[in-house]
Amino acid sequence: MMSFESYFSRKEIIKCLVSARISESKKEEEIHFLRNISSEHEKMPELKMADFFPSRRAWVRPSAKERKGKSSSKIYEYSLLKTVFICLEKVNKGLIIAPEWLIKLFNKVEEIQKKSCINNVYFLKKPVIFPVLKDEVNQTYRPIALYDYVDKIIISRVAKYLTDVFDSDLHNCAVAFRSSKKKTVVDNTHHGTVSRIIQYQKEYGYKKLWAAECDIKKFFDCVNHNLAIEVLNEAIARASLNSIKVDERAINWYKAYLDSYSFNKYVKEQEIELSKRRRKKISFEWLGENEFYKLYPKEDVSICIGVPQGGAISCLIANLIMHNVDTSVLDGERDDMLYLRYCDDMIIVHSDQSSCQKALDRYYFALQKSKLIAHDPVNISAYNKDFWKQKSKAPYRWANPLLEAGSVPWLSFVGYQLRYDGYIRIRSKSVKSEMMKQIAVVDSVIKSVKFKKKKLAFDYSHVKISRRQIVYRVTNKLISMSVGRPQIGVKGEPQMCWSSGFKLLSNGNSFYNSIKRLDKNREKQIIRLNKALISLDVVTLHNNIKKDKIKYFGKPFSYIKSFNR
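Residues numbered from 1 in each chain as written. Predicted model: local features only at pLDDT ≥ 70, side-chain atom pairs only at ≥ 80, totals over all residues. Heavy atoms only, no water.

> Go over helix α3 (residues 72–92) with me, naming the residues and quoting the values.
Here α3 is 21 residues long and its end C-alpha atoms lie 30 Å apart, about the 30 Å a rise of 1.5 Å per residue gives. Of the positions making up α3, those classed as buried are Ile-75, Ser-79, Leu-80, Leu-81, Thr-83, Val-84, Cys-87 and Leu-88. Contacts made by the buried residues of α3 are with α1 (10–35), α2 (64–67) and α4 (100–118). Looking at the residues trailing α3, positive phi occurs at Gly-94, about 75°. (Helix = DSSP H or I, 4+ residues; strand = E, 2+ residues; numbered from the N terminus. Expected span 1.5 Å × (residues − 1). Buried < 20%, exposed > 50% of the residue type's maximum accessible area, 1.4 Å probe, protein only. Contact = heavy atoms within 4.5 Å.)

Below is the structure:
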């Protein structure tokens with residue numbers, strides 16, 4: 001087991017700072033894309049990480065071999081890390097004097113090391129709460145906690161240390177936020193998770209099965225801080241049985257993380273402040289009053305509840321709390337049962353309805369003991385569009401509805417939908433979300449070009465390039481974000497892009513109708529952009545006498561082809 005200090009070595013902290021710099025550069029690229037089209041676009045954001053690294057022109061370009069198989073973000077990370085360590089090597093050999101950025105970088109690394117490992121002061125600044133619109137109709141928001149970048153690095157490294165310590169104690173049914181260092185007998189990616197369901201189907205010869213699903217209400221917002229401490233102590237006790245001692249500093253940072261945030265106190269206070277500042281009502285949706293008092297008696301309202309959604313330590317807390325729930329489910333009959341949990345989403349599949357119901361009952365009972373509330377399970381008597389609206393479902397028969405009355409043909413988990421006979425498709429919500437991204441890209445370009453109006457006509461003097469060039473650039477952007485940068489005649493998985501998140505569709509047993517909708521919508525958005533910019537040809541000097549025709553890139557650059565490489 002690596003020591004706590006090793007998680008805060010110079011190399012590890014530099015990697016974290018490099019990742020932060022790459023995140024900034026990706027945002028920078030998005031704005032550059034629009035600024036290269038229109039000079040009137042918004043100004044570049046402040047780059048906090050830029051002082052610790054050389055300018056992008058000075059980054060070492062990786063070779064073709066080093067770039068192979070990496071996403072653009074990974075290539076940038078590799079490039080910047082290589083630049084830093086080459087510079088450091090030259091400084092150590094006395095070939096050059098340490099540049100100013102390297103001195104600042106090492107000073108920042110030393111500051112983080114002192115704060116995390118040496119000073120013995122365990123304090124995190126309260127995060128800035130940023131509201132993200134969740135429901136446009138009801139005007140409810142989701143609170144996003146933004147920590148200071150130094151605190152964020154400490155949180156991520158502490159979470160990494162504790163995850164590596166406790167990972168071997170978790171059940172194989174827990175498939176989210178597992179340690180990357182531990183070698184497990186199962187694939188804990190969402191692809192591997194769905195593959196386990198497919199394998200279970202095969203073992204039963206695709207006969208009728210029973211499935212149950214459950215979704216927890218406001219999971220991260222309802223985590224009890226006292227329970228979070230309790231499950232940590234239990235995990236420490238189990239680790240000690242394997243002669244593993246958890247570093248006291250990690251425990252203190254875990255507690256400091258809880259102290260920095262609570263939904264029922266800090267976020268609710270910020271809700272009032274944000275409403276005053278923005279001069280409109282900002283409402284963060286939470287449990288109803290009756291649901292809250294069902295878990296906590298009225299005299300217990302002073303307790304702290306809630307952890308930041310998606311925070312590194314929050315994900316660890318989720319696994320520690322849900323470990324007890326997993327144990328309760330698995331303590332019953334497990335030989336013929338498949339139980340899988342991805343954070344707060346779970347699914348139970350069984351060949352027997354009664355056994356499936358008993359497992360679901362154990363799950364709900366364990367949730368109640370953990371001070372959590374799930375959506376009430378709905379009995380499914382027929383398969384229709386209402387089936388997909390239900391958050392939690394009592395055991396339903398997973399089979400062909402034409403042969404078994406009242407059966408449901410599809411099962412949904414971690415972005416995939418599986419049919420009773422082994423066929424796969426992407427859930428419609430994921431497809432709609434991708435279509436909305438396509439629309440958003442085109443909308444942002446149209447807004448950037450048609451920035452201001454003079455009387456009844458738009459003023460295009462701020463536009464830097466022609467309509468054809470704009471359409472070409474947007475087309476390439478839509479292709480790269482959807483299917484990567486495919487090379488004709490070269491087989492293999494796509495680069496990091498939307499398609500790579502659903503690689504199981506490449507196995508042949510897949511439905512592609514929804515994928516065709518994505519291709520159709522992408523072409524539709526390109527045509528919409530072209531029509532919106534037609535007037536550019538009248539007022540700019542970028543007229544092109546060539547035949548006006550949008551270039552069609554063809555099937556190799558389509559969504560449908562990315563799953564048939």
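After that view, the rundown keeps rolling.
> Give a description of the packing of α1 against α4 that names residues and reports values.
Two elements in contact, α1 and α4, have axes whose closest approach is 10 Å; the angle formed by their N-to-C orientations is 110°. Comparing their axes, α4 and α1 come out roughly perpendicular. The interaxial crossing formed by α1 with α4 has right-handed handedness. Note on element contacts: α4 touches α1 through Leu-105, Phe-106, Lys-108, Val-109, Ile-112 and Gln-113, opposite Arg-10, Ile-13, Ile-14 and Leu-17. (Axes fitted to C-alpha atoms, helices over the stretch in contact; angles between N-to-C directions. Parallel < 35°, antiparallel > 145°, perpendicular 65-115°, else oblique. Left-handed = near helix turned anticlockwise from the far one by under 90°.)

> So what's going on with the sheet that holds strand β4 (residues 283–284)? Which residues, and what values?
One open sheet accounts for three strands, arranged β1-β2-β4; its pairing is mixed. Of all the strands in the sheet, the pair left with one neighbour each is β1 (128–135) and β4. Both strand β2 (residues 140–146) and β4 contribute to a ladder of two bridges, which runs parallel. Its bridge partner lying in β4, Thr-140 is registered against Ser-283. Sheet strands touched by helix α9 (residues 263–278): β1, β2 and β4. Its angle to β1, the strand with the most contacts, is close to 80°. (Pairing = 2+ DSSP bridges.)

> Help me get a handle on the side chain of Ser-179, residues and values and all.
Within the fold, Ser-179 resides in the loop between α5 (149–166) and α6 (190–203). Overall, Ser-179 belongs to the buried group, its relative accessible area being 8%. There is a polar contact of 2.5 Å between the side chain of Ser-179 and the side chain of Asp-164. Apart from residues no more than four positions distant in its own chain, Ser-179 is found in contact with Thr-163, Asp-164 and Asp-167. (Polar contact = N/O pair within 3.5 Å; in protein donor to acceptor, adjacent residues only side chain to side chain.)

> Please set out the nonpolar core residue by residue, giving values where relevant.
Counting residues in hydrophobic clusters, the biggest one holds 104 residues, and the most contacted among them are Leu-105, Phe-166, Tyr-254, Ile-317 and Tyr-363. If you look at the next biggest cluster of nonpolar residues, it comprises 38 residues, including Leu-209, Val-349, Tyr-420 and Phe-553. (Core = buried A, V, L, I, M, F, W, Y, C linked by side-chain atoms within 4.5 Å.)

> Just give me the short version of the sheet that holds strand β7 (residues 393–398), but keep the residues and values in it.
On the basis of which strands lie adjacent, the open sheet formed by four strands has the order β5-β6-β3-β7 and antiparallel pairing. The sheet is open, and its two edges are formed by β5 (338–342) and β7, each paired on a single side. Ignoring strand direction, the axes of neighbouring strands in this sheet form an average angle of 20°. Sheet topology places β5 next to strand β6 (residues 345–350); five bridges connect them, and they run antiparallel. Its bridge partner being in β6, Tyr-339 is matched across the sheet by Ile-348.

> Describe in detail the pattern of salt bridges, supporting the description with residues and values.
In the structure shown here, the tally under the stated rule is 26 salt bridges. A salt bridge links Asp-151 to Lys-115; its shortest N-O distance comes to 2.6 Å. One end of the pair, Asp-151, is in helix α5; the other, Lys-115, is in helix α4, with 36 residues separating them in the sequence. Residue Arg-341 pairs with Asp-326 through a salt bridge whose shortest N-O separation is 2.9 Å. With Arg-341 in strand β5 and Asp-326 in helix α11 (residues 312–330), this residue pair connects regions lying 15 residues apart in the sequence. Judged on exposure class, the residue Arg-341 and its partner Asp-326 are both buried. Each of Arg-21, Lys-26, Glu-28, Glu-29 and Arg-56 takes part in one network of salt bridges that share partners. (Salt bridge = Lys/Arg side-chain N within 4 Å of Asp/Glu carboxyl O.)

> An account of the side chain of His-225 is requested, with residue identities and associated values reported.
By the element assignment, His-225 lies in helix α7 (residues 225–241). The residues contacting His-225, other than those within four sequence positions of it, are Leu-258, Tyr-261, Ser-262, Cys-304, Ile-305, Gly-306 and Val-307.

> Go over the pairing of strand β8 (residues 410–413) with me, naming the residues and quoting the values.
Residues of β8 alternate between two faces, with Trp-410 and Ser-412 on one and Leu-411 and Phe-413 on the opposite face, all of them buried. One ladder, built from four bridges, connects β8 with strand β9 (residues 416–419); its direction is antiparallel. Bridge pairing links Trp-410 to Arg-419 in β9. Taking the residues between adjacent antiparallel strands as the criterion, β8 and β9 are bridged by two residues, where Val-414 takes a positive phi near 40°.

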